[in-house]
Amino acid sequence: MTERTLHIVGGGMAGSEAAWQAANLGVKVVLHEMRPEVETFAHQSGKFGEMVCSNSFRSDDDEQNAVGLLHWEMRAAGGLIMATADKFKLPAGGALAVDRDAFADHITATLMAHPNISVSYGEITELPSEGTWIFATGPLTSPALGEAIARETGADRLAFFDAIAPIVYAESVDMNVAWLQSRYDKGETEEEQKAYLNCPMTKDEYEAFIDALLAAEKTEFHEGETAKYFDGCLPIEVMAERGRETLRHGPMKPIGLTNAHKPEEKAYAVVQLRRDNALGTLYNIVGFQTKMKYGAQTEVFRMIPGLENARFARLGGIHRNTFLNSPTLLDDQMRLKSRPNIRFAGQVTGVEGYVESAAMGLLAGRMAAAELMGRDLPPPPFTTAMGALVNHITGGAEAKTFQPMNVNFGLFPPLDGLRGGRKGRKERYKGYTDRAKEDFSQWLEGQS
């Protein structure tokens with residue numbers, strides 16, 4: 001171990017990005033990964049950057065969308081995650097979706113080939129008292145390490161339950177019923193405008209589907225566990241429990257879609273499936289994360305018109321998602337206040353989403369590298385997407401009600417002179433993104 005060695009625990013989005021950033025700044029990195037020696041419920045392999053839920057990085061609009069702005073900032077900072085996503089992107093309308101297997105293969109090969117990165121396989125179960133460390137163990141932090149973190153922080157781990165959507169073989173979808181179309185025909189190419197499979201429902205079919213969802217056998221929680229779902233990833237049956245129309249105004253909304261087989265008929269609800277790989281052989285059911293038992297899933301999902309004979313490459317699932325009460329535990333350098341040799345990054349800090357996790361890894365990697373080289377790297381300005389996020393988790397959020405958060409314009413300082421409300425939103429969002437790009441570019445220039 002040299003003085004300029006950085007240890008990173010976890011090879012997911014955040015850990016992979018942190019390793020890439022630090023290694024490119026000249027720091028030697030040891031990337032610790034427990035998989036495949038120690039498996040998790042959700043992971044299928046030991047690859048770095050494996051996507052365990054959706055294959056989407058969400059909106060790529062860097063003028064009107066906060067996550068699209070975060071994409072822009074990560075590209076500007078030479079991010080590995082975004083460069084790889086761009087390399088293996090799939091048609092998805094205005095969203096950025098990727099071929100998950102090709103993505104993880106490339107992330108793994110790129111990190112393994114970097115001269116400043118070495119990989120150590122095996123589980124880390126304690127918080128080290130020496131050396132410089134980043135813990136990016138994600139929502140599936142191992143029980144042993146979770147207990148070590150809880151002992152150190154003096155607080156119970158906070159957790160919610162993150163559900164996984166099922167994946168269907170495209171050839172098993174009845175295309176006499178389903179049709180290809182992105183909502184509002186969004187996208188610049190025909191491929192993007194037809195990035196989703198759509199399955200229509202009549203009112204009677206929708207009502208029967210809701211009844212089946214509510215009656216289906218669900219996964220039981222272990223004693224002492226409570227279901228604190230993140231609202232952006234609610235199981236469909238939980239949404240249905242909130243009201244029979246909830247799904248029809250959520251993932252099953254019919255607006256912006258016209259049935260290619262029956263253009264004169266307006267569907268009461270529509271189930272969308274998004275392409276999941278470059279071959280177009282797999283599609284995931286958008287927004288259909290679930291905690292139904294496997295047998296019930298097959299029965300209920302085959303009630304969807306067009307999916308009567310569906311075959312599933314993966315059924316939905318549910319897992320515990322662990323995160324810190326970061327506003328009370330981390331400083332603005334993402335260091336654990338009680339042990340400043342340790343930083344945390346990714347979803348374990350209380351950000352939600354692939355891009356947000358990777359962005360926190362990018363910052364942690366750069367901050368740790370700067371520290372090892374005897375320099376100080378301030379966080380990006382709060383006016384940027386990265387700065388707004390890191391400010392939220394390290395003090396901007398209310399600790400008593402802290403919950404995982406996607407990046408959104410509500411985290412940004414307001415702009416003077418722009419009207420509020422829905423009518424002024426387009427101009428306001430453009431103002432946010434213009435300001436952020438200028439400020440983030442200056443932050444990057446200050447490091448050269």
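In the block above lies the structure referred to throughout.
Let me sum up the structure you'll find in this document. (Residues numbered from 1 in each chain as written. Predicted model: local features only at pLDDT ≥ 70, side-chain atom pairs only at ≥ 80, totals over all residues. Heavy atoms only, no water.)

1. Quick notes on the sheet that holds strand 13 (residues 282–285)
Right, on to step 1. Taken in spatial order, the six strands make up an open sheet running 10-11-12-13-9-14, and their pairing is antiparallel. Across the chains shown, the open sheet's two edge strands, defined by having one partner strand only, are strand 10 (179–180) and strand 14 (312–314).
Right, on to step 2. Most of the contacts of helix 7 (residues 203–215) go to strand 11 (residues 196–201), to which it runs at about 95°, and overall it touches strand 11 and strand 12 (269–275). (Pairing = 2+ DSSP bridges. Helix = DSSP H or I, 4+ residues; strand = E, 2+ residues; numbered from the N terminus. Contact = heavy atoms within 4.5 Å. Axes fitted to C-alpha atoms, helices over the stretch in contact; angles between N-to-C directions.)

2. Observations regarding unusual backbone geometry
Right, on to step 1. Phi at Tyr-184 is positive, roughly 60°, even though this residue is not glycine.
Right, on to step 2. When you line up the elements, Tyr-184 lands in the loop between strand 10 and helix 6 (190–193).
Right, on to step 3. One non-glycine residue with positive phi stands out, namely Asp-185, at about 55°.
Right, on to step 4. Looking at the element boundaries, Asp-185 is found in the loop between strand 10 and helix 6.

3. Digging into the environment of Val-30
Right, on to step 1. Mapped onto the elements of the fold, Val-30 is located in strand 2 (residues 28–33).
Right, on to step 2. Between the alpha carbons of Val-30 and Phe-301 there is a distance of 44 Å; along the sequence they are 271 residues apart.
Right, on to step 3. Beyond its immediate chain neighbours, meaning those up to four positions away, Val-30 contacts Thr-5, Leu-6, His-7, Ile-8, Ser-118 and Ser-120.

4. Thoughts on the packing of aromatic side chains
Right, on to step 1. A complete count under the given rule lists 15 aromatic pairs for this structure.
Right, on to step 2. On the basis of an interplanar angle of 25° and a centroid distance of 6.0 Å, the ring pair of Phe-209 and Phe-288 is categorised as stacked. Of this pair, Phe-209 sits in helix 7 while Phe-288 is found in the loop between strand 13 and helix 9 (294–301), placing the two residues 79 residues apart along the sequence.
Right, on to step 3. For Phe-288, a relative accessible area of 0% corresponds to the buried category.
Right, on to step 4. An angle of 35° between the planes, with centres 5.3 Å apart, marks the rings of Phe-440 and Trp-443 as tilted. Here Phe-440 pairs with Trp-443, and both are found in helix 13 (residues 425–445), just three residues apart, close to one helical turn. Here Phe-440 matches Trp-443 in class, with each residue buried.
Right, on to step 5. An aromatic cluster of at least three residues, connected via ring pairs, comprises Phe-209, Phe-288, Phe-301 and Phe-312.
Right, on to step 6. In this structure, Arg-311 packs its charged tip against the face of Tyr-169, placed 4.8 Å from the ring centre. (Phe/Tyr/Trp six-rings, centres within 6.5 Å; stacked < 30°, edge-to-face > 60°. Buried < 20%, exposed > 50% of the residue type's maximum accessible area, 1.4 Å probe, protein only. Lys NZ or Arg CZ within 6 Å of the ring centre and 35° of its normal.)

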